[in-house]
Amino acid sequence: MSKGTVILAYSGGLDTSCILVWLKEQGYDVIAYLANIGQDEDFDASRKKAEHLGAKKVLVEDLRAEFVEDYIWPSIQANAIYEDRYLLGTAMARPCIARRQVEIARREGAQFVSHGATGKGNDQIRFELTCYALYPEVKIIAPWRIPEFYNRFQGRADLMEYAQKHSIPVPVTPQAPWSMDANLMHISYESGILENPKSHAPVDLYQMTKNPEDSPTTPDELEIEFKNGVPIKVINMKENKTKDTPLELFTYLNEIGGKHGVGRIDIVENRFIGMKSRGIYETPAGTILRKAHLDIETFTMDKEVRRIKQALGIKFSELVYNGFWFSPECEFVQHCISKSQQHVEGKVQLSVFKGQVYILGRESPKSLYNKELVSMDVQGDYDPCDASGFIKINAVRLREHHRLQGLSGTKQ
């Protein structure tokens, strides 16, 4: 008798294929759910493989447009970046995948959901916090935290042996000696030979971006138009190409950024679970858009509002990294950030070349830049004499500090 139906977040790889068969061994009916968030994958082959392994049903969900509009765009508005460098490609993707997973679970009347995330990483937290936030009564099966599973499969060799025993197709080519996760936003690489932080990344590791040394010798010049802090159009000014739907626009910027080797980082970061890990990331379109958005935002946003918004962006980034996309605090922060973007509109011209993004110019109907006010050649509506009082008022505390230091520093 079946223990119930479980919705498995299925990738088609060795781990989740073994998990699918193992869940069946435990007496569950398994619905395999594959999320298309822009990874380079043969979804038809993965579907057939899951059917061959005995999945009760196989669902392939195209979440690419949803991923861009509901997750990447709010992150662009926030200038989201974790620990000053990581653009959160995986952290954004997990709530997108898990939200659809629980929608399927509710629709199918399934009490259980499952995933292949390890017990040491961030992804288990991101998947499960999303599931509990959106389907509080759901029961989660996390095999890599179940002793009878992780004691049985202590390494890849154990998984391969299990796969052969249960006629699970395995790759005929050797696996890359690192773990990789890909989506529209980025590709991440970790584990394996990369666990030595001193080891340099192999030259053949990168798949999304060219080596900047091998990139074109002429730049691409782009104009990116923003409305409410969200990109609505990109024009390649030399080729006269225009993209104006979210998915097309983002995909095109990945193509341009990848061609020029933009968006590579190699970092050691702090996982939420308490350990440090080394990760290598490629984020071409995200890197271009962050630079462009920062520029148009500074051009159109009040100085003090922007200072508050910067702090909100840091908080948003931490919440997303730690798995709290669907939380009351993240909803509140997103609402505040969205409010700050009301006048963030205009066009940014930039050059993409040899691994770098160079801002060339900008224009906006909502600009707070006043040429006459700031000009060195025109007086404008400004009296330089006012600066004397401004400076003296700001000097009061400095004088008082010096008086105190002067007294305490007197020789005895």
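Below or above, wherever it landed, is the structure these notes cover. (Residues numbered from 1 in each chain as written. Predicted model: local features only at pLDDT ≥ 70, side-chain atom pairs only at ≥ 80, totals over all residues. Heavy atoms only, no water.)

**Some points on helix H1 (residues 14-25)**
Residues that lie three or four places apart on an α-helix share one face, since the helix turns once every 3.6 residues. Its 12 residues give H1 an end-to-end C-alpha distance of 17 Å, which sits within 8% of 16 Å, the value for a rise of 1.5 Å per residue. With nine of 12 residues buried, H1 lies mostly within the body of the structure. Those residues of H1 lying buried are Leu14, Thr16, Ser17, Cys18, Ile19, Leu20, Val21, Trp22 and Leu23. Glycine 27, located one to two residues past H1, shows a positive phi value of around 100 degrees. (Helix = DSSP H or I, 4+ residues; strand = E, 2+ residues; numbered from the N terminus. Expected span 1.5 Å × (residues − 1). Buried < 20%, exposed > 50% of the residue type's maximum accessible area, 1.4 Å probe, protein only.)

**Quick look at helix H5 (residues 123-134)**
Along its 12 residues, H5 runs 17 Å from first to last C-alpha, staying within 8% of the 16 Å computed at 1.5 Å per residue. Taken residue by residue, H5 has Asp123, Gln124, Ile125, Arg126, Phe127, Glu128, Thr130 and Cys131 as its buried positions. The inward-facing, buried residues of H5 contact helix H4 (89-108), strand E4 (112-114), strand E5 (139-141) and helix H10 (303-321). (Contact = heavy atoms within 4.5 Å.)

**Comments concerning the packing of aromatic side chains**
Taken as a whole and assessed by the stated rule, the structure comprises 15 aromatic pairs. Aromatic side chains tryptophan 144 and phenylalanine 149 sit 4.9 Å apart centroid to centroid with 90 degrees between the ring planes, which places their arrangement in the edge-to-face category. Chaining the aromatic ring pairs together yields one cluster made of Trp22, Trp144, Phe149, Phe153 and Tyr162. Here the guanidinium or amino end of arginine 126 rests over the ring plane of tyrosine 321, the centre of that ring lying 4.8 Å away. The cationic tip of arginine 264 hangs over the ring face of tyrosine 206; the distance from NZ or CZ to the ring centre is 3.7 Å. (Phe/Tyr/Trp six-rings, centres within 6.5 Å; stacked < 30°, edge-to-face > 60°. Lys NZ or Arg CZ within 6 Å of the ring centre and 35° of its normal.)

**Considering the sheet that holds strand E3 (residues 57-62)**
The strand order across the open sheet built from five strands is E3-E2-E1-E4-E5, with neighbouring strands paired in parallel fashion. Edge strands, defined here as strands with exactly one partner in the open sheet, are E3 and E5. In this sheet, adjacent strand axes meet at a mean angle of 25 degrees when their direction is disregarded. Across five bridges, the pairing between strand E1 (residues 5-9) and strand E2 (residues 29-36) is parallel. Within E2, the position partnered with valine 6 by the bridge is valine 30. Its contacts with the sheet put H4 on E1, E2, E3 and E4, and the angle it makes with E2 is roughly 145 degrees. (Pairing = 2+ DSSP bridges. Axes fitted to C-alpha atoms, helices over the stretch in contact; angles between N-to-C directions.)

**Some thoughts on the side chain of glutamate 66**
When you line up the elements, glutamate 66 lands in helix H3 (residues 64-78). A distance of 3.0 Å separates polar atoms of two side chains, one belonging to glutamate 66 and the other to arginine 99. Residues contacting glutamate 66, with those up to four places away along its chain left out, are Tyr71, Cys96, Arg99 and Arg100. (Polar contact = N/O pair within 3.5 Å; in protein donor to acceptor, adjacent residues only side chain to side chain.)

**A short note on the sheet that holds strand E14 (residues 356-363)**
Taken together, the five strands give an open sheet; going across it, the order is E10-E9-E8-E13-E14, and neighbouring strands pair in antiparallel fashion. If you trace the sheet from one side to the other, it starts and ends with strand E10 (241-243) and E14, each paired once. Averaged over all adjacent pairs, the angle separating strand axes in this sheet is 25 degrees, with direction ignored. Relative to E10, strand E9 (residues 230-236) runs antiparallel, the two being bridged by three bridges. When the sheet's bridge partners are listed, asparagine 236 is paired in E10 with lysine 241. Contacting strand E8 (220-227), E9, strand E13 (346-353) and E14, helix H9 (residues 284-300) runs over the sheet at an angle of about 30 degrees to E14.

**As for the pairing of strand E12 (residues 276-282)**
Most of E12 is tucked away: six of the seven residues are buried. When strand E7 (residues 187-190) meets E12, the two strands line up antiparallel, connected through three bridges. Note on E12: the bridge partner recorded for tyrosine 189 is isoleucine 280. Following strand E11 (residues 264-270), the chain reverses through five residues before pairing antiparallel with E12; glycine 274 in that reversal takes a positive phi of roughly 115 degrees.

**Notes on the pairing of E9**
Note that E8 and E9 share six bridges and pair antiparallel. Residue pairing across strands places phenylalanine 226 opposite proline 231, the latter belonging to E9. Here E9 hands over to E10 after four residues, with asparagine 240 in that stretch at a positive phi of 55 degrees.

**Topic: the pattern of salt bridges**
Using the criterion set out here, one finds 26 salt bridges in the structure. The residue aspartate 123 makes a salt bridge to arginine 94 at a minimum N-O spacing of 3.1 Å. Pair noted here: aspartate 123 is in helix H5 and arginine 94 is in helix H4, with a separation of 29 residues, a long-range link. One exposure class covers both aspartate 123 and arginine 94, and it is buried. (Salt bridge = Lys/Arg side-chain N within 4 Å of Asp/Glu carboxyl O.)

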